[in-house]
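# An overview of the molecular structure
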Amino acid sequence: SLPGDSGSNTYKTEPEKGCLFKASKVQKLVQAMLDSYLDGASYNAASGSHLSQILSDMVKSKVKEISPPRYKLVCQVVVGQNRNQGLRVASRCLWDSQHDDFAVAMFQNHSLFTLVIVHGVYCE
Amino acid sequence: MDEFQLSEETAFVVDDITTIIKDVSICTTIGSSAYQQNRINQWTSSVVETSLSQLSKLGKPFKYIVTCIILQKNGAGLHTASSCFWDNTMDRSCMVRWENKTTYCIVCVFGLAV
């Protein structure tokens, strides 16, 4: 059932066996998407925000296809111009570490860098 | 079918969370300090951990994801975006942008109802 379906109570407090969010599988999928989509791309201030939103929606749709049931997904994308500036991204979660997980993929060339974080959160 | 009422106690209040992140987490961690490469690891960890502990003190029935980006100001462009597959009625997110003379700090908070 979809995470939004709050009409029926199924008393499931854990995912079924074998139905956990597989971070390594998601990581490989997202990395392949970035490598192919951004191949030869260069940073453009005018289209940067559009690119980040397109990537975000695209990654979320693809991950949703391979995601187990009852998992909510949060997908974040950072696209930046590569000018040798210092940058640090950190993330922390308050969740159930047994069932929730995340995957990270990064792409970089001489002109831009892109970071994608996908969090999979089990919904009771 | 039961009707779920969104009350103060169980809602994700964007304004409250924005204030907490800005005043408690970012200002006390970075404040007016200049950007320093050897300090940003500590800054990002501190902002994220302080934010999360403040959020958990609210005692609301949410799982939280907090992401912090600290960026040196040197004229480079940066864009962020997010997409979520969640429950539109109860799950919320908020983004806080902060800056001083040498540093940008962007914090994203996602609250997923339990």
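Where an unreviewed UniProt entry is consulted, chain B appears under the name Dynein light chain Tctex-type 1, with the organism given as Hucho hucho. What UniProt records for chain B under Sequence similarities (unreviewed entry) is the sentence "Belongs to the dynein light chain Tctex-type family." Database annotation for chain B, UniProt heading Subcellular location (unreviewed entry): "Cytoplasm, Cytoskeleton".

Within an unreviewed UniProt entry, the label attached to chain A reads Tctex1 domain containing 2, and the organism entered is Hucho hucho. Entered under Sequence similarities (unreviewed entry) in the UniProt record, the comment concerning chain A runs "Belongs to the dynein light chain Tctex-type family."

### Focus: the interface of chain A and chain B
In this complex, chain A contributes 45 residues to the contact, which on the side of chain B involves 39 residues. Of the roughly 3,600 Å² buried at the junction of chain A and chain B (both faces included), carbon and sulfur atoms supply 57%. Of all residues in chain A, Arg88, Arg92 and Leu94 of chain A bury the most surface against chain B, accounting for 20% of the area lost on that side. Between chain A and chain B we count 3 salt bridges in total. With a shortest N-O distance of 2.9 Å, Asp100 of chain A and Lys63 of chain B are connected by a salt bridge. Where chain A touches chain B, the interface holds 25 residue pairs in polar contact (both at pLDDT 80 or more). Element by element, the count of residues in the side of chain A that touches chain B is highest for strand S1 (residues 71–81) of chain A, at 11 residues. Taken together, the residues that form the side of chain A that touches chain B break down as 21 nonpolar, 15 polar and 9 charged. By the bridge criterion, 8 bridges tie S1 of chain A to strand S2 (residues 78–85) of chain B in an arrangement that is antiparallel. Its bridge partner being in S2 of chain B, Val77 of chain A is matched across the sheet by Ala81 of chain B.

### Quick word on the pairing of S1 of chain A
All names here are of chain A. Burial runs high along S1: 10 of the 11 residues are buried. Both S1 and strand S4 (residues 112–122) contribute to a ladder of 11 bridges, which runs antiparallel. Its bridge partner being in S4, Gly80 is matched across the sheet by Phe113.

### A look at helix H2 (residues 48–66) of chain A
Taking 1.5 Å of rise per residue, 19 residues should cover 27 Å, and H2 of chain A covers 28 Å from first to last C-alpha, within 8% of that figure. What H2 of chain A keeps buried is the set Gly48, Leu51, Ser52, Leu55, Ser56, Val59 and Val63 of chain A. For H2 of chain A, the arc enclosing every buried residue in end-on projection is 130°, short of the 170-degree limit, so these residues lie on one face. Set apart from the buried face of H2 of chain A by more than 90 degrees, the exposed residues are His50 and Glu65 of chain A. In this fold, the buried residues of H2 of chain A make contact with helix H1 (23–37), S1 and S4 of chain A together with S2 of chain B.

About the criteria used
- Residues numbered from 1 in each chain as written.
- Chains lettered and ligands numbered in written order.
- Predicted model: local features only at pLDDT ≥ 70, side-chain atom pairs only at ≥ 80, totals over all residues.
- Heavy atoms only, no water.
- UniProt positions renumbered as here; feature names shortened; annotations may be inferred.
- Contact = heavy atoms within 4.5 Å.
- Buried area = accessible area lost by both parts, 1.4 Å probe.
- Salt bridge = Lys/Arg side-chain N within 4 Å of Asp/Glu carboxyl O.
- Polar contact = N/O pair within 3.5 Å; in protein donor to acceptor, adjacent residues only side chain to side chain.
- Helix = DSSP H or I, 4+ residues; strand = E, 2+ residues; numbered from the N terminus.
- Nonpolar A, V, L, I, M, F, W, Y, C, P; charged D, E, K, R; others polar.
- Pairing = 2+ DSSP bridges.
- Buried < 20%, exposed > 50% of the residue type's maximum accessible area, 1.4 Å probe, protein only.
- Expected span 1.5 Å × (residues − 1).
- Arc of directions from axis to C-beta.

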